[in-house]
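Inside the fold
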Amino acid sequence: MTLTLGSLLAGLAGLAAVGGLVLAVVGGIGWAPSTTVRRRSRTEQRVRAFLGTDAKAKNAWWTGGSWRLGAAAVLGMVVWLFTGWPMGGLLTVAVVVGLPWLLNTSGSGKEQIAKLEGVEEWIRRMSDIHTVGVSLEASVQRSLETVPAAISTEVTLLVSRMTAGWLPQDAYRSFADDLDDATVDEVVALLILHVEDRGAGLSRAMRELAEALSHEVLMRREVEADRQKPRTNDRWVTIFCLGIFGITMLSTGYVEPYNTVMGHVVLAGVGVGFVLVKIWMRKMAVIDPAPRFLSSADRSGGTRGALSLEESS
């Protein structure tokens, strides 16, 4: 392909368009750490997960995602100028930006198992603290010294809400909402029931519940191990398809039909179809979590919610 002034100007215009898109995304998400604790919207969580960033690290999006956007813009321009395909450049940008999503097929199962294991360890330690005559609220505050790293953020928020004057029931329900797991709801339900009647035997109940959580963690790890093989196959299929796409672009005769407008439409359809197949494969490997039985707490004001149990048929 001959590099002309017109194609160079078109490439620069494309780079400017991508740069504008980058600025729009940065302006919408931001990279400076917030000074207040807030719950991200579902849209923001999906965008951050798509970019493959660590939401708990400071400046995670800017340090982890900006280099991919820059590399995507450069590679997109190179592909556009080399092949003369605007759609090829756009697909290259999409592939580079979404590479963590394309290759990371593990989902959130391991993270949720780690959190559940942290809850098991946390509740077991709290049972030891409560045995010596310390109240439940004081036991929760003391547990900050030895809280497992997997749930340190959630427990810190729990203590902060209780210190700020939230009713214990509301703080515990918000804690359950943060972890968003039906098994954790059993732990929170035990804590709420103790707050309401202050009966004896909480330490023993905590230890028994910790044993049940330990068995649940082992069961989930076995299930996760069984699901790892198809995920690995999915990853290799993705790498193979992307490699074939890159190699075929070097064969000018083979890809000549894509130089037409209809060829660009077909190319866009292939890209969309590939993404839809990936989404379909991921949904096949995802097991729907057990439904929770605790109602969602009002995070904005700490208003006391109702403890609702689903009607058993």
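Residues numbered from 1 in each chain as written. Predicted model: local features only at pLDDT ≥ 70, side-chain atom pairs only at ≥ 80, totals over all residues. Heavy atoms only, no water.

1. Details of the packing of aromatic side chains
Rules: Note on aromatic pairs: the rings of Phe, Tyr and Trp (six-membered ring only in Trp) are paired at centre separations within 6.5 Å, and the planes decide the class, stacked below 30 degrees, edge-to-face beyond 60, tilted for the rest. Secondary structure elements are taken from DSSP: a helix is a run of H or I of four residues or more, a strand is a run of E of two residues or more, and numbering for both begins at the N terminus. Think of it in three bands: residues with accessible area under 20% of the maximum for their type are buried, residues over 50% are exposed, and the middle band is partly exposed, with areas taken using a 1.4 Å probe on protein chains only. By definition here, charges over rings are those cases where NZ of Lys or CZ of Arg is within 6 Å of the ring centre and within 35 degrees of the ring normal.
Summed over the entire model, instances satisfying the criterion amount to one aromatic pair. Ring geometry for Trp122 versus Phe175: centroids 5.3 Å apart, planes at 50°, classification tilted. With Trp122 in helix 6 (residues 109-131) and Phe175 in helix 9 (residues 168-179), this pair connects stretches of sequence that are 53 residues apart. With respect to class, Trp122 is no different from Phe175; both count as buried. Sitting over the ring of Trp166, Arg161 keeps its end group 5.5 Å from the ring centre.

2. A word on the nonpolar core
The test is simple: Here the nonpolar core consists of buried residues drawn from Ala, Val, Leu, Ile, Met, Phe, Trp, Tyr and Cys, with membership extended through side-chain atoms lying within 4.5 Å. Note on definitions: a residue-residue contact is assigned when non-hydrogen atoms from the two residues lie within 4.5 Å.
Within the largest apolar cluster, 33 residues are counted, with the highest numbers of intra-cluster contacts made by Trp122, Ile123, Leu136, Val140 and Tyr172. Residue assignment for this core shows that the elements contributing at least two residues are helix 6, helix 7 (136-142), helix 8 (152-163), helix 9, helix 10 (182-197) and helix 11 (202-248). Filtering out sequence-adjacent residues up to four positions away, Ile123 remains in contact with Val187, Leu191, Met206, Ala210 and Leu213. Val79, Trp85, Met249 and Val255 belong to the second-largest nonpolar core, a separate cluster that totals six residues.

3. What to know about helix 11
The cut-off we apply is this: Helix span, expected: 1.5 Å multiplied by one less than the number of residues in the helix. Two axes define the bend at a residue: one fitted to the seven residues ending there, one fitted to the seven starting there, and the bend is the angle between them.
With 47 residues, helix 11 extends 66 Å between its outermost C-alpha atoms, agreeing within 8% with the 69 Å of an ideal straight helix rising 1.5 Å per residue. The principal kink in helix 11, of about 30°, is found at Gln228, preceding the proline Pro230 by one to four residues.

4. Focus on the side chain of Asp185
Under the convention used in this document: Counted as a polar contact is a pair of N or O atoms within 3.5 Å, where, for protein atoms, one must be capable of donating a hydrogen and the other of accepting one, and residues adjacent in sequence contribute only when both atoms are in side chains.
Relative to the helices and strands, Asp185 resides in helix 10. Overall, the relative accessible area of 0% leaves Asp185 in the buried class. A distance of 3.5 Å separates the side chain of Asp185 from the backbone nitrogen of Leu294, its partner in a polar contact. Not counting the four nearest positions on each side in its chain, Asp185 is found in contact with Ala176, Arg292, Phe293 and Leu294.

5. A few points about the confidence of the model for the chain
Inclusion rule: Per-residue confidence from the predictor is given as pLDDT, running between 0 and 100.
For the chain, mean pLDDT is 75; residues scoring 70 or higher make up 70% of the total. When mean pLDDT is compared element by element in the chain, helix 8 scores highest at 93, while helix 2 (residues 42-51) scores lowest at 52. Segment residues 50-63 is flagged for pLDDT under 50; beyond a separation of four residues in sequence, or across chains, it makes 32 contacts in the model.

6. A word on the layout of surface pockets
Filter applied, for reference: The distinction between a cavity and a pocket rests on a 1 Å grid over the protein atoms alone: a 1.4 Å probe fits inside a cavity but cannot get out, while a pocket stays open yet meets protein on both sides within 12 Å along at least five of seven lines, and a residue with an atom within 4 Å of a point counts as lining. Grid points are joined across faces, edges and corners, and a volume is the space filled by probe spheres set on the points. Only Asp, Glu, Lys and Arg are considered charged, only Ala, Val, Leu, Ile, Met, Phe, Trp, Tyr, Cys and Pro nonpolar, and every remaining residue, Gly among them, polar.
Its boundaries defined by the atoms lining it, the second largest pocket holds a volume of some 560 Å³. Considering the residues around the second largest pocket, the lining is formed by 23 residues, among which Leu91, Phe245, Val270, Gly271 and Phe274 are closest to the centre. Mapped by element, the contributors of at least two residues to the lining of the second largest pocket are helix 4 (86-97), helix 5 (99-103), helix 11 and helix 12 (261-285). Examining the composition of the lining of the second largest pocket, we find that six residues originate from one element, helix 12, more than from any other. Considering only residue class, the lining of the second largest pocket consists of 20 nonpolar, three polar and no charged.

7. Remarks on the pattern of salt bridges
The cut-off we apply is this: We define a salt bridge as a side-chain nitrogen of Lys or Arg found within 4 Å of a carboxyl oxygen belonging to Asp or Glu.
Per the counting criterion, the structure on display carries 13 salt bridges. The partner of Arg124 in a salt bridge is Glu211, and the shortest N-O contact between them spans 3.1 Å. Here Glu211 lies in helix 11 and Arg124 lies in helix 6, a separation of 87 residues in the sequence. The partly exposed category is assigned to Arg124, whose relative accessible area is 26%. Taking the shortest distance from any N to any O, the salt bridge between Asp180 and Arg292 comes out at 3.5 Å. With Asp180 in the loop between helix 9 and helix 10 and Arg292 in the segment after helix 12, this residue pair connects regions lying 112 residues apart in the sequence. One salt-bridge network, held together by shared partners, links Asp177, Asp180, Asp185 and Arg292.

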